[in-house]
Structures are given as structure tokens and as C-alpha cells.
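# Chain and residue survey
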Amino acid sequence: MMGRSQRVIVVGAGIGGLVAAALLAARGREVLVLDRAAAPGGKIREVEASSTRIGAGPAMLTLRHVFEEIFEAAGDSLEARLSLRAEPLLGRHAWADGRQLDLPAEAEAAAAAIGDFAGAPASRGYRTFRERAKRIHDALEQPFLRAQRPGALALAAQAGLRGLLGASPFASLWDALGEHFPDPRLRQVFARVASYVGSSPLQAPATLMLVAHVEMQGLWSVEGGMQRLPEALAAVAAARGATFRYAAEVREILVAGGRAQGVRLADGETLDAAAVVLNADAAALGAGRFGAAAAGAVERLAPERRSFSAVTWALRAQAEGLPLAMQAVAHADDPTAEYAEIGYRARLPTTPTVTLWALDRGGGAAPPAGPERLLAMISAPARAESRPIPPEAIARCGETAFERLRRAGFALDGRPEDAAVTTPAGFERLFPGSGGALYGPAVHGWQAAFSRPGARTKLPGLYLAGGSTHPGAGVAMAAISGRLAAARVVEERA
């Protein structure tokens with residue numbers, strides 16, 4: 001009968017769900033993890049291209065210490081499970097007119113590189129930008145990023161009104177960057193932090209400078225590929241007693257007595273639970289994808305509030321021309337036009353910014369002798385269910401993106417038609433109910449951070465984890481969300 005089980009069911013083996021499972025199992029809870037895919041990872045995934053497995057999701061880690069803390073809290077060790085390699089470059093940036101900027105991870109080397117690129121005032125502007133980004137991060141880390149989601153008034157009480165206002169919530173990121181970087185190309189480089197959370201720098205608050213601070217503290221690649229991270233977390237959870245069932249699609253969260261008490265699978269099987277942690281896009285819950293009874297647990301997300309989607313190309317190819325780094329960026333000619341097309345007009349950009357990850361070059365490794373594993377990505381609108389992009393438009397987009405790489409100096413001997421392509425419609429199939437959005441709600445306007453659902457929902461017994469929930473998008477933020485969800489389950493079941 002429903003309601004008698006003491007186990008916690010975790011729906012979704014993405015990073016947030018895996019962290020919640022590992023921490024709950026380490027606390028002695030009975031944990032069952034269910035996922036519709038065949039392996040753990042969620043958005044960290046691999047695809048087949050040219051008879052090779054190629055990473056087709058996040059390529060690098062930030063906030064290493066967050067993962068060290070999580071593995072330790074689960075009675076394990078990050079170092080024992082994974083080998084991480086520090087990236088010497090945060091990015092290799094290039095433009096179609098031949099201008100190039102390598103941005104080192106080391107602060108003074110980065111300031112010198114920016115000075116060489118745009119002059120001494122730009123170097124000074126970079127230093128003041130770093131200081132401002134650090135102040136914003138430090139003001140928000142404990143009372144917001146690591147805490148259960150506070151409201152604006154609660155955050156002001158914890159961080160102090162001066163600290164909150166110092167986080168620049170009312171200025172746009174694009175305008176705030178102009179205070180530090182008169183050179184529009186440098187604004188382009190650092191405005192990219194908005195795209196890390198699927199948002200436009202024209203609409204995102206300057207508070208997102210904290211993301212730049214996080215990145216500037218270091219990027220790490222995972223030896224063997226990012227897929228090793230979810231595999232390691234799943235192994236830790238299993239070692240603490242959690243059980244896993246893959247190819248198990250949850251269709252409904254069962255509600256009885258005013259609380260979540262289990263799930264129903266696609267094949268009709270029902271499973272009882274004392275609590276359910278949902279690691280899926282919260283928009284899918286609000287849209288009724290997990291049953292009408294649970295839909296009211298969160299506010300419904302309007303399509304216009306979604307974050308960006310993407311088009312990605314995973315392939316093996318020989319790199320020619322400008323040497324690749326682990327992360328390279330071929331910038332658009334007009335970034336404001338690009339963001340306006342994606343955000344306001346909900347269409348593919350005419351001249352996109354293309355990010356290219358050379359997945360075999362982690363930690364500054366030498367280039368392979370032959371073809372290497374590559375992942376190219378552009379931002380795209382997340383309207384897959386209402387405004388699908390025609391195949392011919394995707395094909396043209398691929399030609400444009402690869403030509404953009406070539407003009408910036410990153411010539412590849414592969415073609416977009418040789419790649420494993422994922423479109424917004426493909427992301428919607430992978431993550432139903434998202435419309436293809438990869439980062440949950442967009443971070444547009446000062447109130448956006450407070451509109452993300454927290455770990456606790458309006459339905460007792462149902463908790464949320466993942467990049468669409470507080471504290472935000474990205475692998476490290478999803479991990480923190482899993483920790484917050486586990487803490488809520490422990491607190492409220494106690």
C-alpha cells in the first residue's frame with residue numbers, strides 16, 4: 001500500500017539527482033534512483049560519431065572544492081575517484097578579421113594578455129572587473145548560492161542591503177561590462193558568462209559577474225571525459241547502498257493524503273516512497289508531465305521565460321589553422337544582433353558565436369596526431385514544441401557555424417553533415433517539457449534569481465534538484481542543488 005515505504009525515490013540520474021542520492025544513502029536512507037536513459041549523466045552525455053564516443057554536453061568543471069566537499073560528505077574522495085586537470089587557458093578567442101586573444105587562467109598573465117590585446121587601460125579595466133566580480137560572488141556565496149533559496153528580503157537581511165546592492169542587480173551585464181571594457185571585443189569575451197546560463201547579456205543583471213569570478217578561479221577537465229563524473233557519483237551512491245534502475249521512465253508522481261507518496265512508471269508499475277526527489281526540468285513538472293496531481297507543486301513557466309537552447313555538432317576531425325585549446329571561441333561580428341535574434345525574435349542567429357571544445361586537449365595536452373574529438377555549439381531559441389526549426393535551416397546553420405570557425409582561423413577538415421547533431425527539438429526529446437531549454441528559466445532581470453523553484457515544493461514529500469532549480473544552471477550549481485535537496489529531505493523526514 002502507498003505511504004508505508006521509507007525509501008526516497010530519486011527521479012533522474014543527472015548531477016543533481018546523483019548528488020542527492022549519494023548524500024541521502026550516506027545518511028542511511030534507502031534510495032532508489034530511476035532514469036529513462038541507459039546510463040547516468042543527464043545533460044552530461046556522449047554520442048556516437050565516426051565510430052567514436054564523443055562528449056556532447058558540458059566539457060569542463062568549475063568550483064572543484066564543491067565536488068571535494070560532496071564526495072567527502074558521502075564518505076568518499078574526489079581524488080580517489082577522478083583525475084582532474086587544471087586548464088591553463090580559460091579560452092582562446094578569435095574574430096573573423098584575424099584578431100586573437102588567449103585568456104590565461106592565472107590572473108596577472110590574463111591582465112598582461114588583455115593589455116597586449118587592447119592597451120594598458122584595458123588591463124586596468126580587467127583588474128577592476130575581477131575585483132567587482134569577486135565582491136559580488138563573496139556577497140552572495142553563503143547567503144544565496146549555498147543556502148536554501150531565500151526571497152529578496154531575506155537575502156537582503158543576510159547579505160546586508162549594501163552587499164545586495166553591491167551585487168549590481170539593477171544594471172544589465174552588457175552595460176556594466178562597458179564600465180570596465182571600452183573595447184567592444186572584451187565586452188564580448190566577458191559577456192559570454194550570460195550564455196553559460198542560457199541568457200542574454202543585454203537582459204541579464206550584472207550580478208552574473210559572479211559567474212566570471214567562478215570561472216577565473218579555475219577550469220578543470222576530467223581525464224577520460226566528463227562522463228566519468230556522473231559515473232563516479234553513481235558508484236559512490238551505490239557503495240552507500242543506493243540502487244539504480246535505468247530505462248525506467250517515470251510518467252507520474254503519485255499523490256495521496258496531500259503529499260507525494262510514490263511514482264508510476266511508463267509500463268504501469270507503481271513504486272511507493274516516503275519522499276520523491278525530482279531531478280528533471282521543473283518546467284516539465286509545472287506543465288503536467290508528471291501528472292496533474294503534482295503539477296501545482298511549482299509555478300508554470302511561460303515559454304518566453306525559458307533560457308536558450310543550442311545546436312551542437314559532435315565529430316572527429318583534423319584541426320588546421322590556428323591551434324586549438326580545450327575551449328576556443330569564434331566570436332560573432334555583432335553580438336548584440338546575435339542575442340536579439342535568439343532572445344527577442346526566437347530564431348537562429350545569422351552570424352553566431354561558435355564555441356569549440358577540443359576534447360582530447362584537456363590540461364593543455366598536445367594535439368593528437370590525427371583526427372580528434374570535437375564539439376561545436378551555438379545558442380538557439382528554446383521553442384522546440386511551438387516553433388520547430390526546419391531541417392534545412394539547421395543544415396544552413398551548420399554551414400554558417402563551420403564557416404565562422406574557418407574565418408576565425410579554426411579550420412576543420414570535417415563537415416557539419418558528418419557530425420552527430422543535436423537541435424532544440426533533440427534536446428526537447430531528451431528532456432521533455434523543456435522546449436529544448438538547457439538551463440531552466442532565463443536569468444533576465446533582477447527578480448529572475450528568486451523565481452527559480454527551491455528544493456522544497458508546494459507539495460509535501462516532493463523535492464527538486466537540477467539546473468532548472470536554485471541556485472542555478474551549470475554542473476557545479478546542479479551539484480549544490482542536489483545537496484540542498486538531500487538536506488531538505490533529511491530535515492523534514494526527521
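Keep in mind it's a predicted model, so treat the numbers as computed, not measured. (Residues numbered from 1 in each chain as written. Predicted model: local features only at pLDDT ≥ 70, side-chain atom pairs only at ≥ 80, totals over all residues. Heavy atoms only, no water.)

## Re unusual backbone geometry
The step from His470 to Pro471 runs through a cis peptide bond, and the omega angle for that step is 10°. As for its position among the elements, Pro471 is in the loop between strand 21 (462-464) and helix 18 (475-493). Positioned with a positive phi, Ser50 is a non-glycine residue whose angle comes to about 55°. Looking at where Ser50 falls in the secondary structure, it is placed in the loop between strand 3 (46-49) and strand 4 (52-55). Look at Ser50 and you get partly exposed, because its relative accessible area is 42%. Of note in this structure, Ala346 is not a glycine but carries a positive phi near 55°. Structurally, the position occupied by Ala346 is in the loop between helix 14 (335-343) and strand 17 (354-358). Residue classification places Ala346 among the buried positions, given a relative accessible area of 14%. (Helix = DSSP H or I, 4+ residues; strand = E, 2+ residues; numbered from the N terminus. Buried < 20%, exposed > 50% of the residue type's maximum accessible area, 1.4 Å probe, protein only.)

## Notes on the packing of aromatic side chains
Evaluated as defined, the whole model comprises 7 aromatic pairs. Taking the centre distance of 4.9 Å and the plane angle of 55° together, the rings of Phe129 and Phe190 count as tilted. Taken together, the positions of Phe129 in helix 5 (residues 120-145) and Phe190 in helix 9 (residues 184-195) put the pair 61 residues apart, joining distant regions of the chain. With a relative accessible area of 1%, Phe129 lands in the buried category. Overall, Phe190 belongs to the buried group, its relative accessible area being 5%. Taken together, a centroid distance of 4.9 Å and an interplanar angle of 10° make the contact between Phe181 and Phe190 stacked. Phe190 shares its class with Phe181; the two are buried. (Phe/Tyr/Trp six-rings, centres within 6.5 Å; stacked < 30°, edge-to-face > 60°.)

## Considerations on the environment of Val10
For Val10, the position within the fold is in strand 1 (residues 8-11). Overall, the relative accessible area of 0% leaves Val10 in the buried class. Each C-alpha atom of the pair Val10 and Lys43 lies 16 Å from the other, and the pair is 33 residues apart in sequence.

## Brief notes about the sheet that holds strand 10 (residues 250-256)
The 3 strands are arranged 10-11-12 in an open sheet whose pairing can be described as antiparallel. Single-partner strands in this sheet number two, and they are strand 10 and strand 12 (270-272). Going across the sheet, the axis of each strand differs from the next one's by a mean of 30°, ignoring polarity. Taken together, the 6 bridges between strand 10 and strand 11 (residues 259-265) define a ladder with antiparallel strand orientation. For Val255, the partnering residue across the bridge sits in strand 11 and is Ala260. (Pairing = 2+ DSSP bridges. Axes fitted to C-alpha atoms, helices over the stretch in contact; angles between N-to-C directions.)

## Re the nonpolar core
Formed by 112 residues in total, the largest nonpolar core has its most connected members in Ile15, Leu61, Tyr126, Phe129, Phe190, Leu229 and Val277. It is helix 18 that provides the largest number of residues to this core, a total of 11 residues. Filtering out sequence-adjacent residues up to four positions away, Tyr126 remains in contact with Ala107, Ala110, Ala111, Ile114, Phe181, Phe190 and Met216. Within the second largest apolar cluster, 26 residues are counted, among which are Leu348, Leu356, Cys397 and Phe410. (Core = buried A, V, L, I, M, F, W, Y, C linked by side-chain atoms within 4.5 Å. Contact = heavy atoms within 4.5 Å.)

## Focus on helix 2 (residues 64-73)
Regarding helix 2, the residues found buried are Val66, Phe67, Ile70 and Phe71. Seen from one end, helix 2 has its buried residues packed into an arc of 130°, which puts them on one side. Exposed positions of helix 2 whose direction lies more than 90 degrees from the buried face are Glu72 and Ala73. Here the buried face of helix 2 lies against helix 1 (15-26), helix 3 (78-81), helix 11 (228-239) and helix 18. Where helix 2 ends, the next residue or the one after it, Gly75, has phi of about 80°, a positive value. (Arc of directions from axis to C-beta.)

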